[in-house]
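# Examining the three-dimensional arrangement
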Amino acid sequence: LAAYSIACTAGTAMGRYVLPAIITLVITGLILTACGSRPSVLDQILEQNELVVITRNGPTTYYEGPDGPTGFEYELARRFSEYIGVELSIVVPPNFTDILPLTARGDAHLAAAGLTVTDKRKSKVRFGPVYQEITPQLVYRSGSVRPKSLSDLDGMLEVVAGSSHEEKLLELRSEYPELVWLANRDDDTEQLLSMISSQLIEYTVADSNELSVNRHFYPEVKPAFAISPPEQLAWAFPISTDNSLFDTATTFFNKIKANGTLEQLIERYYGHIETFDYVGTRSYQAHVEQRLPQFRELFMEAASKIDMDWRLLAAIGYQESHWNPDAVSPTGVRGIMMLTHAAAKDIGIKDRRDPEQSIRGGAEYLARMLRRIPERVPEPDRTWLALAAYNVGLGHLEDARILTQKNKGDSDRWVDVKKNLPLLSKKKWFQQTRYGYARGREPVRYVENIRTYYDILVWLTDQEAARAKAEAPPAAPPQFDSPAL
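Residue numbers restart at each chain and count upward from 1, following the sequence in its written direction. At least 70 in pLDDT is required for a residue's local features to be given in this predicted model, at least 80 for side-chain atom pairs to be given and counted, and no such filter applies to totals for whole chains, interfaces and linings, which use all residues. Hydrogens and water are ignored here; the side-chain numbers use all heavy atoms of the structure.

### Remarks on the overall build of the chain
How we decide: A helix here means a DSSP run of H or I that spans at least four residues, while a strand means a run of E at least two residues long, and both kinds are numbered starting from the N terminus. Here the radius of gyration uses the C-alpha set of atoms, whereas the globule reference equals 2.2 Å times the residue count to the power 0.38. Residue contacts are defined here by distance: any two heavy atoms, one from each residue, within 4.5 Å place the two residues in contact.
Of regular secondary structure, the chain possesses 20 helices and 12 strands. Relative to a compact globule of 485 residues, whose C-alpha radius of gyration would be 23 Å, the chain shows 26 Å and is just as compact. In terms of principal-axis extent, the alpha carbons of the chain reach across some 85 × 75 × 50 Å. Long-range pairs, those at least 24 residues apart, make up 70% of the contacts in the chain between residues at least 6 apart in sequence.

Here it is, written out as structure tokens:
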């Protein structure tokens, strides 16, 4: 049989719904059954060389990032497809309410969409191993009265239709009989948080991980209280007596838990957003609008020379000086990129207060740090380690990496190194190092702040690009010269 050409690939799946790719597998299975030898689901996947995964768009699941498809759930699914040795096809249905029915029907091999495990859902799908815990929280806007319970709500409450939040509210209605809400079928959690920020609605419910990510984009939204104890997230599979794929996924999760890969992925997507600074976030967004435009082209030009996203270089500049070309520290570092006199001289920068020279010098200095990080270190750990070296010095970073090895960690992973950097300020540990004492907590905060600033700047510039595209006038129809008569 010729296979249906219906998969939505990882690079082009953004926001599109495709016909069920599993149809091919079903037809193939029926024919093989008639022949008396029906292959397992895993065998069919291997034969077709395709793992079909349903997910949803969002900062905690799957989205198109600066370097292509990304997101926590996408990364898990991509690694699983590599684990079994097949291509990954991503399917994004039009509504959240479509995910579980499509999964239960077998229109995909699994759903990796940040799904909460609930008793009601267990009757429709089979959940795999738990990989994360979250807490559903009632969300309101800063400046309004903080409700202490569901009985205090005074305004519109909207939640995503078909979500576990709606299930929980239905359960709580017996305790709060006057509780009412709107189940929104068209918008996702991020859009509902945006509506709270814009004062279009008063309340919603969001999982703690989604809220933590989105508060940096919508700083006015705040958690009021948890509507339930912590809940578990897991992948969903069709209910079946065929355990081949399910058992393989279980083995996969056991492996990535044991070797630290799962911890590393959680750190990559959530490690830098554990704390939230409302004033700092608002101030940063204001500076993006007011200060960044005059330096934007300089960041873009300097970043292009070291093959880096200009927004990351700009985030470094903000962490260093808040984009103030006249900034001077008590230790004598100065300029937008806060270069030391020695570093500036080594790079060939004559005037550290000149924005063009400072930004160019900061980019070159960072490039040097990157070149000195071992090539075996993968991204993004390579960049995070280079940023730590930019702040604390390469020698102190190497000391921390050696301590990481002594403490049975992986010196090539930021998630392990950042646990050991603070040890450089403790006598018991820095006496064992070559370069001695350092304020080891500073480079950790430094890197995590830059990661947050970068995420926000990516989001803001993506919003800017989307608005520009929407406001662009339609292209004029082509003009043709009339032929001579």
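There is more to say after this.
### Description of the side chain of Asp416
Selection rule: The term polar contact refers here to a pair of N or O atoms within 3.5 Å; inside protein, the definition further demands a hydrogen-donor-capable atom paired with an acceptor-capable atom, and it admits residues adjacent in sequence only when both atoms are side-chain atoms.
Relative to the helices and strands, Asp416 resides in helix H18 (residues 414-420). Engagement of the side chain of Asp416 in a polar contact is seen with the backbone nitrogen of Asp410, the distance being 2.9 Å. Apart from residues lying up to four places away in sequence, Asp416 is in contact with Thr404, Gly409 and Asp410.

### Quick word on the pattern of salt bridges
Note the following rule: For this document, the term salt bridge refers to a Lys or Arg side-chain nitrogen within 4 Å of an Asp or Glu carboxyl oxygen.
Applying the stated criterion to the full structure yields 26 salt bridges. With a shortest N-O distance of 2.3 Å, Asp107 and Arg105 are connected by a salt bridge. The shortest N-O distance in the salt bridge between Arg311 and Asp462 comes to 3.6 Å. Of the two residues, Arg311 is situated in helix H13 (residues 310-321) and Asp462 in helix H20 (residues 441-471); the sequence distance between them amounts to 151 residues. Three or more residues are tied together by salt bridges with common partners; here these are Glu75, Arg78, Arg79 and Glu82.

### Some words on the layout of surface pockets
The test is simple: Definitions used throughout: a 1 Å grid over protein atoms alone; a cavity as a set of points that fits a 1.4 Å probe which cannot get out; a pocket as an open set with protein on both sides within 12 Å along at least five of seven lines; a lining residue as one with an atom within 4 Å of a point. Grid points are joined across faces, edges and corners, and a volume is the space filled by probe spheres set on the points. When residue character is reported, Ala, Val, Leu, Ile, Met, Phe, Trp, Tyr, Cys and Pro are called nonpolar, Asp, Glu, Lys and Arg charged, and the others, Gly included, polar.
If you add up the space inside the second largest pocket, you get close to 750 Å³. Lining the second largest pocket are 25 residues, with Val333, Tyr390, Asn391, Val392 and Glu442 positioned closest to its centre. Those elements that place two or more of their residues in the lining of the second largest pocket are H13, helix H14 (341-347), helix H16 (381-392) and H20. Here the lining of the second largest pocket takes 5 residues from H20, the largest share from any one element. Residue composition of the lining of the second largest pocket, grouped by class: 11 nonpolar, 10 polar and 4 charged.

### Description of the pairing of strand S7 (residues 136-141)
Regular strands place side chains that alternate from one sheet face to the opposite one. Selection rule: Here the term buried applies to any residue with accessible area under 20% of the maximum for its type, exposed to any over 50%, and partly exposed to those in between, with areas from a 1.4 Å probe on protein chains only. Strand pairing is defined by DSSP finding a minimum of two bridges between the two strands.
Most of S7 is tucked away, with 5 of its 6 residues classed as buried. Sheet topology note: the S7/strand S11 (residues 221-226) ladder contains 5 bridges and is antiparallel. Residue pairing in the sheet places Tyr140 in a bridge with Lys222 of S11.

### Comments concerning unusual backbone geometry
Note the cis peptide between Glu379 and Pro380, where omega equals 5 degrees. Along the chain, Pro380 falls in the loop between helix H15 (355-372) and H16. At Asn49, a position not held by glycine, the phi torsion is positive, near 55 degrees. Within the secondary structure, Asn49 is located in the loop between helix H2 (41-48) and strand S1 (50-54). Asn49 gets classed as partly exposed once you look at its relative accessible area, which sits at 35%. The backbone of Met338 shows a phi angle near 50 degrees, a positive value even though the residue is not glycine. Counting through the fold element by element, Met338 comes out in the loop between H13 and H14.

### Describing the sheet that holds S7
For the record, the criterion: Think of each axis as a best-fit line through the C-alpha atoms, taken over the contacting stretch in the case of a helix, with angles from 0 to 180 degrees between the N-to-C directions.
Reading across from one edge, S10-S7-S11 is the order of the 3 strands in this open sheet, with antiparallel pairing throughout. In the strand order of this sheet, the two ends are held by strand S10 (204-207) and S11, each with one partner. On average, each strand axis in the sheet is inclined to that of its neighbour by 45 degrees, with strand direction left out of account. By the bridge criterion, 4 bridges tie S7 to S10 in an arrangement that is antiparallel. Across the sheet, residue Leu138 finds its bridge partner in S10, namely Val205.

### Thoughts on the confidence of the model for the chain
Quick reminder of the rule: Known as pLDDT, the predictor's confidence for each residue is given on a scale from 0 to 100.
On average, residues of the chain score 89 in pLDDT, and 90% of them reach the 70 mark or higher. Here residues 1-23 is modelled with pLDDT under 50, and outside its nearest four sequence neighbours on either side it reaches 50 contacts, counting other chains as well.

### With respect to helix H3 (residues 72-84)
Rule in force here: Expected helix span is taken as 1.5 Å per residue step, with the number of steps being one fewer than the number of residues.
The end-to-end C-alpha separation of H3 is 19 Å, in line with the 18 Å expected for 13 residues at 1.5 Å each. All of the buried residues in H3 are Phe72, Glu73, Tyr74, Glu75, Leu76, Ala77, Phe80, Ser81 and Ile84. Immediately beyond the C-terminal end of H3, within one or two residues, lies Gly85, with a positive phi of roughly 80 degrees.

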